[in-house]
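# Structural characterization, general
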Amino acid sequence: MGDPNEPFIVDFLPDEEVNLPGRIGMAGTPGASGRDLRADLTRLKKRYRADKLVTLLEGGQFVKDELAALGVPLLIAQTRRAGIAADWSPMPDGDVPVSVDSLFSLVERCLADARDGKIVVLHDAGGDGRVALAAAACLIALGASVDESMATVDMMRPGCVPNPSQRQTLRAFDEVWRKRALERAAPAAISDMFELGEAGGSSGPWRISQTGVAPLSRPGAAAVVYRGLDPEAERAGVPAASPLPRWSPFGLPPAGRSAPPLTAPAREEARWIRPGDTFHLSPGSVLYFGRSEDCDVTIASSQLSRVHAALAFAPVAEGQLVLADLDSRNGTWVQGEPAQVCFLGVGEEFSLARAYRFCFDGLG
């Protein structure tokens, strides 16, 4: 809970990870265990400029009333009286599983507020387990892996980590979020025609090439060529496509650190993407693009989300490919415009995060 004589503290998720106009913070309960509720809410409003306080505590007839137990039974009303919006989203504490659907709804609201430029602060009794769960889920929705999200939360608020039950909820949430993102992106008339599957789920030695040696195309397969880094992105200092560095358990180095150079043997074994590399899709198959090594086309760049976009060869598309952005952080672009889902004809280009350019080169 902390010393009641110490100032009320909010720890925010890294701005470069959230990458939205607003912010998402983590805290304990204002006014809890002898603290001055009015002073904490005033500090929350004036020091942190909070627009919304999300309460994850339980309270009611059939469960423990945590608000009363912490000495703040009127927290919700007092929060609104202080000029801060209150979102009461109770979650069970301890090892009791949290509903993925309720977590999904909470994350959608938090991200919608952050996209609108609002500052959202999550809190539970001590600012740890349930706060860690909700904050990590927000990062997952923004493209981080489960392990990356937990590491980031713990780095910004040491000791703020989900328990084993909550970690399992995060893994279930990760799967549900990605599937629903794809469902939102893919038109029903197209998605009903083929199985989209999971990232990295394609099979066959010809499915992709990330070594610079393109496999022979099978009859009817579509060829997609990597064109290289967009000139404007290159001038802005965006790094060229590279393999996923193996030095970190999370794939990418922590904020403020850079990966060490690869040794000569590692460079030879690494799957570099080079301009001219060709990737093939057979009818009914999908290529997933992103910074995760689980994707079919991996680009280890902080500009990309973990699973950034999908390119599908749907039979109903009649010689076109279906490009779908998967709620990525920096978007998928076609002809200089952001694209949620669209058709690509032969010769048309698309880019990931306005940086990494690909072209639908032709049909085999």
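Just above sits the structure.
Residues numbered from 1 in each chain as written. Predicted model: local features only at pLDDT ≥ 70, side-chain atom pairs only at ≥ 80, totals over all residues. Heavy atoms only, no water.

### Side note on the overall build of the protein
The condition is simple: Only DSSP runs of H or I reaching four residues or more are called helices, and only runs of E reaching two or more are called strands; each is numbered from the N terminus. The rule is simple: take the accessible area with a 1.4 Å probe, protein chains only, and divide by the maximum for that residue type; under 20% is buried, over 50% is exposed, in between is partly exposed. Contacts: residue pairs with any heavy atoms within 4.5 Å of one another. Per-residue and other accessible areas follow the Shrake-Rupley method at a 1.4 Å probe size, with only the shown protein chains counted as cover for residues.
When its secondary structure is counted, the protein shows 11 helices and 16 strands. Evaluated residue by residue, the protein yields a buried proportion of 50% over its 364 residues. Across the protein, contacts joining residues at least 24 apart in sequence account for 67% of those joining residues at least 6 apart. Of the roughly 16800 Å² of accessible surface on the protein, a fraction of 51% belongs to carbon and sulfur atoms.

### Looking at the packing of helix α6 (residues 129-141) against helix α7 (residues 146-156)
What counts here: What counts as an axis is a line fitted to C-alpha atoms, over the stretch in contact for a helix, and the angles between N-to-C directions run from 0 to 180 degrees. Throughout, the term roughly parallel applies to angles under 35 degrees, roughly antiparallel to angles over 145, roughly perpendicular to angles from 65 to 115, and oblique to all others. Crossing handedness is defined as follows: a turn of the near helix away from the far one that is anticlockwise and smaller than a right angle gives a left-handed crossing, while the clockwise case is right-handed. Under the convention adopted here, Pro, Cys and the residues Ala, Val, Leu, Ile, Met, Phe, Trp and Tyr are nonpolar, Asp, Glu, Lys and Arg are charged, and Gly plus all remaining residues are polar.
The N-to-C vectors of α6 and α7 enclose an angle of 130°; their axes lie 9 Å apart at closest approach. By the angle between their directions, the pair α6 and α7 is classed as oblique. Judged by the twist between their axes, the crossing of α6 over α7 is right-handed. Between α6, through Ala 132, Ala 135, Ala 136, Leu 139 and Ile 140, and α7, the contact on the second element is made entirely by Val 146, Ser 149, Met 150, Thr 152 and Val 153. Of the residues contributing to the contact of α6 with α7, the split by class is eight nonpolar, two polar and no charged.

### A closer look at the nonpolar core
For clarity, the cut-off: Side-chain atoms within 4.5 Å link the members of a nonpolar core, which is a set of buried Ala, Val, Leu, Ile, Met, Phe, Trp, Tyr and Cys residues.
In terms of nonpolar packing, the biggest core is built from 38 residues, with Val 107, Val 153 and Phe 173 touching the most fellow members. Of all the secondary-structure elements, those providing two or more residues to this core are β2 (23-27), α5 (100-115), β5 (119-123), α6, α7 and α8 (164-185). Beyond its immediate sequence surroundings of up to four residues, Val 153 is in contact with Leu 13, Met 26, Ala 132, Ala 135, Ala 136, Leu 139 and Cys 160. Core analysis: the next-biggest nonpolar cluster, separate from the first, contains 31 residues, Ile 273, Ala 339, Leu 352 and Phe 360 among them.

### Some points on the packing of α5 against α6
Two numbers describe how α5 lies on α6: the axes approach to 9 Å, and their chain directions differ by 70°. Considered as vectors, α5 and α6 are oriented roughly perpendicular to each other. When you trace α5 past α6, the crossing you get is right-handed. Packed against α5, whose contacting residues are Leu 103, Leu 106, Val 107, Cys 110 and Leu 111, the element α6 presents Leu 133, Ala 134, Ala 137, Cys 138 and Ala 141 at the interface. A breakdown of the residues in the contact of α5 with α6 according to their chemical character gives 10 nonpolar, no polar and no charged.

### Quick look at the pairing of strand β16 (residues 356-363)
In plain terms, the rule: Should DSSP find at least two bridges between two strands, the strands are regarded as paired.
Examined bridge by bridge, strand β6 (residues 222-229) and β16 share seven bridges and lie antiparallel to one another. The residue bridging Ala 223 from the neighbouring strand is Gly 362, located in β16. Bridge count for strand β15 (residues 349-352) against β16 is four bridges, and the pairing is antiparallel. Residue Ser 351 lies in a different strand from β16, and its bridge partner there is Arg 357. Hairpin connection of β15 to β16: three residues between the antiparallel strands, including Ala 353 at a positive phi of 60°.

### Let's talk about the sheet that holds strand β1 (residues 11-12)
Spatially, five strands are ordered β1-β2-β5-β3-β4 in an open sheet, and the strand pairing comes out mixed. With partners counted over all chains shown, the strands left at the sheet margins are β1 and β4 (85-88), one partner each. Pairing of β2 with β5 involves five bridges; the strand directions are parallel. Paired with Ile 24 across the two strands is Val 120, which belongs to β5.

### Re the environment of Phe 343
Along the chain, the position of Phe 343 falls in strand β14 (residues 341-344). Spatially, the C-alpha atoms of Phe 343 and Phe 313 are 10.0 Å apart, while their sequence positions differ by 30 residues.

### Notes on the sheet that holds strand β10 (residues 309-312)
One open sheet holds the five strands; their spatial order is β9-β8-β10-β11-β14, and the pairing between them is mixed. Unpaired on one side and paired on the other, β9 (297-298) and β14 mark the two borders of the sheet.

### What about the environment of Asp 113?
With respect to the secondary-structure elements, Asp 113 resides in helix α5. Owing to a relative accessible area of 9%, Asp 113 belongs among the buried residues under this scheme. The sequence separation of Asp 113 and Gly 22 amounts to 91 residues, and the corresponding C-alpha distance is 7.2 Å. Not counting the four nearest positions on each side in its chain, Asp 113 is found in contact with Lys 52, Lys 118 and Val 120.

### Observations regarding α5
Threshold: One less than the residue count of a helix, multiplied by 1.5 Å, gives the span that helix is expected to have. Nitrogen and oxygen atoms within 3.5 Å of one another constitute a polar contact, given that in protein one can donate a hydrogen and the other can accept it, and given that sequence-neighbouring residues count only through two side-chain atoms.
Helix length check: α5 (16 residues) gives 22 Å between terminal C-alpha atoms against 22 Å at 1.5 Å per residue, within 8%. Every buried residue of α5 is listed here: Val 100, Leu 103, Phe 104, Leu 106, Val 107, Cys 110, Leu 111, Asp 113 and Ala 114. Regarding α5, its N-cap is Ser 99, as a side-chain oxygen of that residue lies 3.3 Å from the backbone nitrogen of Asp 101 further along. After α5 finishes, the residue Gly 117 shows a positive phi value of roughly 85°.

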